[in-house]
Every structure is written in C-alpha cells, then in structure tokens.
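# Chains, contacts and geometry: an overview
Spelled out, the chains give:
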Amino acid sequence: MLKDITMGQYYPGDSFVHRLDPRMKIVLTVMMIVAVFMVHSLVGYALVLAFVYWITKLATIPFKLLMKGIKPLRFILILTFLLNLLFSNGDTVWWQWSFITITKEGLTQAIHYSLRLMFLVVGTSLLTLTTSPVSLADGLELLLSPLKKVHFPAHELAMMMTIALRFIPTLLEEADKIMKAQMARGADFESGNLFARAKAMVPLLVPLFVSAFRRAGDLAMAMEARCYHGGENRTRLRVLKITRNDWLAFAVMWGLIALIVVEGIVL
C-alpha cells in the first residue's frame, strides 16, 4: 500500500506541463478544484476525466501511476459513499429499514461527493508529480508574497511545505523497511479485520515517528549550523517568469470551466 501513495512525489520530465511556471500550475490546480465542484452530472465528470487523461499524456506521466494514488483512499471513498447513500434525505425512497433510508437523491449525492474527492486527489497529485518541491515552494512563496505587508510568514510556510514534500518519499522508504523487518519477525499486516490491522500497525508507527523526529532534529541542527535565518535578502538560482505557454494553459483551463458551465445549463 505504501508504494501506491503518489501525492507529494515528483515524476521527473521535460514535458510542456513540467515546464510551466509553478505559480501558474498552483492557480490552475485551484481552478480545476473549482471546476470539479461546479459539476452536477456524470457528463461533467466525464469531461474532467478526459481532461485529466489528456494532461497525463501531455506530461508523459503513466495514467496508471496517477490512478494508483487513489488506492490508499479506498476506505475513505467507500465510507463517504455509504454515509451519503444511507443517511441523506430525499423524496424518492427506494428502500427503508429502521433509521436507514436509501433514496435516489442520496445515491446521486453519494456519487457526487465520492467523485469530487477522487478528482481532488488526482488534481493535487498532478501538481506534485509535475513540479519539483523546490519549484513548488518558490511558486507558493511568490504567490503569497503580497501578504508579507501584513507580516504573513510566506517564506516560512513555503519552507515547511518544501521540507514536508521532500521527506514524503524518505518516510515511505523508511516505513517500507520497518514493515519488512517486522514481517521478518512474524508480524502480520494483511490478515484480520479492520481493528486487527490497525493494531498491527502500532509496531510500524512507533519507530516511524521516532525516526521522523530524529530526522527533524538533525535537519534543524544542520540549518542552524549554516546560519539559516529565513528569507531575508535571499536570492534564487532560477528566476520564475510567466511565458506564453503559461497563458495558453490558463486559457485552456478557462475553456474547461466554460464547457462545464454550458453542460450544466444544457443538462
């Protein structure tokens, strides 16, 4: 399951999507999330899915790799679907027992919320797969830089995000090593019910947290030894610049939103 987590990982490449400005990619991701919440029919979700598939081909990212990131969220998706299906109010009742009622409106709401959650994960995964953590942090810091006038810690927030994204693959690799070591000692992470599996994860989580705190302490000591004192008078190796390709991608995203609005009006 740990190998299925793709959010926060970077897929190296030199495609059109990889070369886009990270600030524009953050804005486009937010626009895509807004577009997903504007969808109210399966046709609209089909449009979003086709758009995502086209982006993965344009970015030369295997579509299976993107879909693999949804596997760790299967429990959350199923729980979201069942809660909305069984406990949502509606006029068209299909089945009722005690306090549980299944309605047509509840099924529609369950499908909407499940698909929205799935596309939120896919959209953010596309952002991190096509943008390196350093570029993503620089883009976020520059987007938040106007808030520095009100003493908002834009650089510190971007630095924390960079560190978090940087250590996701490291922690996943560490967790995989600990899991294999525990399995070699007879630990069983696969069999049993949900509570048994959760209990079996304790021998994995405790050393993982200890390792994470130790790495955090080593990193803090290294930053202090190098006299790190925030983003004051900081220079960048690569200066970010909005290009014609960025505006083209921005126009394409507006085209997707327009299609969703027209589809919602027609249907």
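Residues numbered from 1 in each chain as written. Predicted model: local features only at pLDDT ≥ 70, side-chain atom pairs only at ≥ 80, totals over all residues. Heavy atoms only, no water.

### Comments concerning the overall build of the chain
Secondary structure assignment for the chain yields 10 helices and 2 strands. Helices and strands in the chain line up, N terminus first, as α-α-α-α-β-β-α-α-α-α-α-α. Burial status across the chain gives 34% buried among its 267 residues. Contacts spanning at least 24 positions in sequence make up 73% of the contacts within the chain whose residues lie at least 6 apart. Looking at the chain as shown, the accessible area adds up to about 16800 Å², and 68% of this sits on carbon and sulfur atoms. (Helix = DSSP H or I, 4+ residues; strand = E, 2+ residues; numbered from the N terminus. Buried < 20%, exposed > 50% of the residue type's maximum accessible area, 1.4 Å probe, protein only. Contact = heavy atoms within 4.5 Å. Areas by Shrake-Rupley, 256 points an atom, 1.4 Å probe, with all protein chains shown as cover.)

### Comments concerning unusual backbone geometry
Even without being a glycine, Thr60 presents a positive backbone phi close to 55 degrees. You can see Thr60 is positioned in the loop between α2 (42–58) and α3 (63–68).

### Examining the packing of helix α1 (residues 22–38) against helix α10 (residues 244–266)
Put simply, α1 and α10 touch, their axes get as near as 10 Å, and they point 5 degrees apart. Taken together, the axis directions place α1 and α10 in an arrangement best described as roughly parallel. Residues Met24, Val27, Leu28, Met31, Met32, Ala35 and Met38 of α1 lie in contact with α10, whose contacting residues are Asp246, Trp247, Ala249, Phe250, Met253, Trp254, Ile257, Ile260 and Val261. Of the residues assigned to the contact of α1 with α10, the class counts are 15 nonpolar, no polar and 1 charged. (Axes fitted to C-alpha atoms, helices over the stretch in contact; angles between N-to-C directions. Parallel < 35°, antiparallel > 145°, perpendicular 65-115°, else oblique. Nonpolar A, V, L, I, M, F, W, Y, C, P; charged D, E, K, R; others polar.)

### Describing a nonpolar patch on the surface
Nonpolar side chains collect at one region of the surface, where Val30, Val34, Met38, Val261, Val262, Ile265 and Val266 lie side by side and expose about 610 Å² of accessible area between them. Mapped by element, the contributors of at least two residues to the nonpolar patch are α1 and α10. For the nonpolar patch, the element with the highest residue contribution is α10, accounting for 4 residues. (Patch = residues over 30% accessible without salt bridge, like charges linked within 9 Å, V, L, I, M, F, W, Y side chains within 5 Å. Salt bridge = Lys/Arg side-chain N within 4 Å of Asp/Glu carboxyl O.)

### Points about the packing of aromatic side chains
Per the counting criterion, the structure on display carries 5 aromatic pairs. Here Phe51 and Trp54 contribute two aromatic rings whose centre-to-centre distance is 6.1 Å and whose plane-to-plane angle is 50 degrees, an arrangement assigned as tilted. Residue Phe51 and its partner Trp54 are both found in helix α2; the two are separated by 3 residues, about one turn of the helix. Where Tyr53 meets Phe63, the ring centres are 5.1 Å apart and the plane angle is 70 degrees; that geometry is what we call edge-to-face. Of this pair, Tyr53 sits in helix α2 while Phe63 sits in helix α3; the two residues are 10 residues apart in sequence, bridging distant segments of the chain. Classification of Tyr53 as partly exposed rests on a relative accessible area of 40%. (Phe/Tyr/Trp six-rings, centres within 6.5 Å; stacked < 30°, edge-to-face > 60°.)

### Some details on α1
Compared with the 24 Å implied by 1.5 Å per residue over 17 residues, the 24 Å span of α1 between its first and last C-alpha is a close match. Turning to α1, its buried residues are Pro22, Arg23, Met24, Lys25, Ile26, Leu28, Thr29, Met31, Met32, Ala35 and Val36. Looking at the buried side of α1, the elements it contacts are α2, α5 (104–130), α6 (133–144) and α10. Of the residues flanking the start of α1, the one acting as N-cap is Asp21, its side-chain oxygen 2.8 Å from the backbone nitrogen of Arg23. (Expected span 1.5 Å × (residues − 1). Polar contact = N/O pair within 3.5 Å; in protein donor to acceptor, adjacent residues only side chain to side chain.)

### Digging into the nonpolar core
Counting residues in each nonpolar core, the largest one holds 29 residues, and the members touching the most others are Leu28, Val48, Val52, Leu66, Phe119, Met253 and Ile260. Among the secondary structure elements, those contributing two or more residues to this core are α1, α2, α5 and α10. It is α1 that contributes the most residues to this core, 6 residues altogether. With sequence-adjacent residues up to four places away left out, Phe119 is seen in contact with Met32, Val36, Tyr45, Val48, Leu49 and Val52. Counting residues in hydrophobic clusters, the runner-up holds 7 residues, among them Leu127, Leu136, Leu140 and Ala154. (Core = buried A, V, L, I, M, F, W, Y, C linked by side-chain atoms within 4.5 Å.)

### Re the environment of Thr124
Position of Thr124 relative to the elements: it lies in helix α5. Separated by 98 residues in the primary sequence, Thr124 and Ile26 place their C-alpha atoms 9.1 Å from one another. A polar side-chain atom of Thr124 sits 3.0 Å from the main-chain carbonyl oxygen of Leu120.

### Section: the environment of Asp21
Here Asp21 shows up in the segment before α1. For Asp21, a relative accessible area of 4% corresponds to the buried category. On a C-alpha basis, the gap between Asp21 and Asn245 in space is 9.0 Å, while along the polypeptide they are 224 residues apart. At 3.3 Å, the side chain of Asp21 and the backbone nitrogen of Lys241 are in polar contact.

### Notes on the side chain of Glu174
Inspection of the secondary structure puts Glu174 in helix α7 (residues 154–184). Under the relative-accessibility criterion, Glu174 is labelled buried at 19%. Separated by 3.3 Å, the side chains of Glu174 and Arg215 make a polar contact. If we ignore the near neighbours within four places in the chain, the residues touching Glu174 are Leu208, Ser211 and Arg215.

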